[in-house]
Amino acid sequence: MTGRPLLEVTDLVAGYDGSRVLQGISLSVSTGEAVALLGRNGAGKTTLVETIMGLVRATSGRVVVDGVDVTGRAPSVVARTGVAIVPQGRRVFAPLTVEETLRISERRVAGEWTIERIYELMPRLAERKTNLGSQLSGGEQQMLAIGRALLSSPRLMLLDEPSDGLAPAIVEQVGEILVGLAGTGMSTVIVEQDLRLAFAVADRVAVIRKGEVAHEATVADFRRDEAVAKSLLGVG
Ligand SMILES: Nc1ncnc2c1ncn2[C@@H]1O[C@H](COP(=O)(O)OP(=O)(O)OP(=O)(O)O)[C@@H](O)[C@H]1O
Ligand SMILES: [Mg+2]
């Protein structure tokens, strides 16, 4: 672990057309660390990752990636500092094939990740390379969204509910991929409602409630204190 966090979010305030969603969020993620963002529907988890990525404009506060202040910068600028997002709902482009989607996401200057390496990590995508986005299962779409994000060779991946709408067996497969990626030293922020997946991937959890960080703990401590989890998330 390095002294300086890879991602440092400080007093972040953001929202939509006058409605303030993030009420001053502070969160830091070290190099190689995986942090799960938990919280009920509408808590502000997506708004937080989208504000980090520059997709939602910050009203105040700061987002610093590896010492570079990217607050209010365009998503392309944030991406160049090494951040990639796998958005909620995947947003796979229906009329393009798997291969085409990966080709347009490929960088001109080859980074650490190539399409070949994506196919090695997720052979299912190689089998489906000529299928259109609209012809993919939910799990395959999720893999494609992960592959597309990896092609920027990110140092920090923002994953917004990768298990959403997937059957348990598929969640398991996606989980194995994400655990493997977290093990490569890439930093991860994972928004999840599926606690099993969140705990498998993350080292630490931050619970978001009404646009604030209501609780932070290591996964081990959080799992030990069921009462806290129940009261914060309304689950067991
Ligand atoms: N594009 C938007 N325009 C206006 N309000 C929005 C927009 N997106 C989200 N909101 C509102 O912001 C609040 C936080 O939403 P957000 O999507 O960040 O929550 P979330 O924690 O990701 O929820 P979920 O678990 O359902 O994905 C909600 O009240 C939501 O209605
Ligand atoms: Mg969300």
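Whatever comes next refers back to the structure up there.
Given the structure is predicted, the values throughout are model-derived calculations rather than measurements. (Residues numbered from 1 in each chain as written. Chains lettered and ligands numbered in written order. Predicted model: local features only at pLDDT ≥ 70, side-chain atom pairs only at ≥ 80, totals over all residues. Heavy atoms only, no water.)

Novice: Just checking my understanding: could you explain the site of ligand 1 for this structure?
Specialist: Neighbouring residues of ligand 1: 13 residues in total, closest Asn-41, Gly-42, Lys-45, Thr-46 and Thr-47. In the environment of ligand 1, an oxygen atom lies 2.7 Å from a nitrogen or oxygen atom belonging to the side chain of Lys-45. Examining the composition of the shell around ligand 1, we find that three residues originate from one element, helix α1 (residues 45–53), more than from any other. Each residue belonging to the shell around ligand 1 can be placed in one class, and the counts come to three nonpolar, seven polar and three charged. (Near = heavy atom within 4 Å. Polar contact = N/O pair within 3.5 Å; in protein donor to acceptor, adjacent residues only side chain to side chain. Helix = DSSP H or I, 4+ residues; strand = E, 2+ residues; numbered from the N terminus. Nonpolar A, V, L, I, M, F, W, Y, C, P; charged D, E, K, R; others polar.)

Novice: Teacher, can you tell me more about the layout of surface pockets here?
Specialist: The gaps left among the atoms become clear once a water-sized probe is rolled over them. The volume enclosed by the largest pocket comes to roughly 330 Å³. As for the largest pocket, its lining consists of 14 residues, of which Met-53, Ile-85, Arg-107, Arg-148 and Ala-149 are closest to the centre. Looking at the lining of the largest pocket, the elements with two or more residues in it are α2 (75–80), β6 (83–86) and α6 (138–150). Here the lining of the largest pocket is composed, by residue class, of nine nonpolar, two polar and three charged. Roughly 240 Å³ of internal volume is contained in the second largest pocket. Along its surface, the second largest pocket is lined by Pro-168, Val-171, Glu-172, Gly-175, Glu-176, Val-179, Asp-194, Arg-196, Leu-197 and Ala-200. Within the residue set of the lining of the second largest pocket, elements represented by two or more residues are α7 (168–182) and α8 (195–201). (1 Å grid on protein atoms, 1.4 Å probe; cavity = no way out; pocket = protein on both sides within 12 Å on 5 of 7 lines; lining within 4 Å. Points joined across faces, edges and corners; volume = space filled by probe spheres on them.)

Novice: What is the right way to look at the packing of aromatic side chains in this model?
Specialist: The geometry of an aromatic ring pair is captured by the separation of the ring centres together with the interplanar angle, meaning the angle of the planes. This structure, assessed with the given rule, holds one aromatic pair. Between Phe-199 and Phe-222, the aromatic rings sit 6.0 Å apart at their centres with planes inclined by 65 degrees, giving edge-to-face as the arrangement. Here Phe-199 is found in helix α8, whereas its partner Phe-222 is found in helix α9 (residues 219–224), with 23 residues between them in sequence. For the pair shown, Phe-199 and Phe-222 are each scored as buried. A cation sits over an aromatic face here: Arg-117 above Trp-113, 3.6 Å from the ring centre. (Phe/Tyr/Trp six-rings, centres within 6.5 Å; stacked < 30°, edge-to-face > 60°. Buried < 20%, exposed > 50% of the residue type's maximum accessible area, 1.4 Å probe, protein only. Lys NZ or Arg CZ within 6 Å of the ring centre and 35° of its normal.)

Novice: How should I be thinking about the sheet that holds strand β7 (residues 156–160) in this particular structure?
Specialist: Strand pairing in a sheet is mediated by backbone hydrogen bonds. Such pairs are either parallel or antiparallel. The six strands lie next to each other as β6-β7-β8-β3-β9-β10, forming an open sheet whose pairing is mixed. Two strands bound the open sheet, and with one partner strand each, they are β6 and β10 (212–218). Across the sheet, the axes of successive neighbouring strands diverge by a mean angle of 15 degrees, strand direction being ignored. Judged from the four bridges that link them, strand β3 (residues 34–38) and strand β9 (residues 204–209) form a sheet pairing that is parallel. Looking across to β9, one finds that Val-35 is bridged to Arg-204. Running at roughly 170 degrees to β6, α6 makes contact with β6 and β7 of the sheet. (Pairing = 2+ DSSP bridges. Axes fitted to C-alpha atoms, helices over the stretch in contact; angles between N-to-C directions. Contact = heavy atoms within 4.5 Å.)

Novice: What am I meant to see in the coordination of the magnesium ion (ligand 2) here?
Specialist: Summarising the metal site, the magnesium ion (ligand 2) is bound by the protein donors Thr-46 (OG1) and Gln-88 (OE1), whose distances to it range over 1.9 to 2.2 Å. With Thr-46 in helix α1 and Gln-88 in the loop between β6 and α3 (98–105), the pair connects residues that are 42 residues apart, well separated along the chain. (Donors = N, O, S within 2.8 Å, 3.2 Å for Na, K, Ca; no water.)

Novice: Hey, could you run me through the packing of α3 against α6 in this one?
Specialist: To characterise two packed helices, one gives the angle between the axes of the helices and the distance between these axes. Contact geometry of α3 with α6 gives a least axis separation of 8 Å together with a crossing angle of 20 degrees. In terms of orientation, α3 lies roughly parallel with respect to α6. For the pair α3 and α6, the sense of crossing is right-handed. Of α6, the residues touching α3 (which contributes Val-98, Thr-101, Leu-102 and Ser-105) are Leu-144, Gly-147 and Arg-148. Taken together, the residues that form the contact of α3 with α6 break down as three nonpolar, three polar and one charged. (Parallel < 35°, antiparallel > 145°, perpendicular 65-115°, else oblique. Left-handed = near helix turned anticlockwise from the far one by under 90°.)

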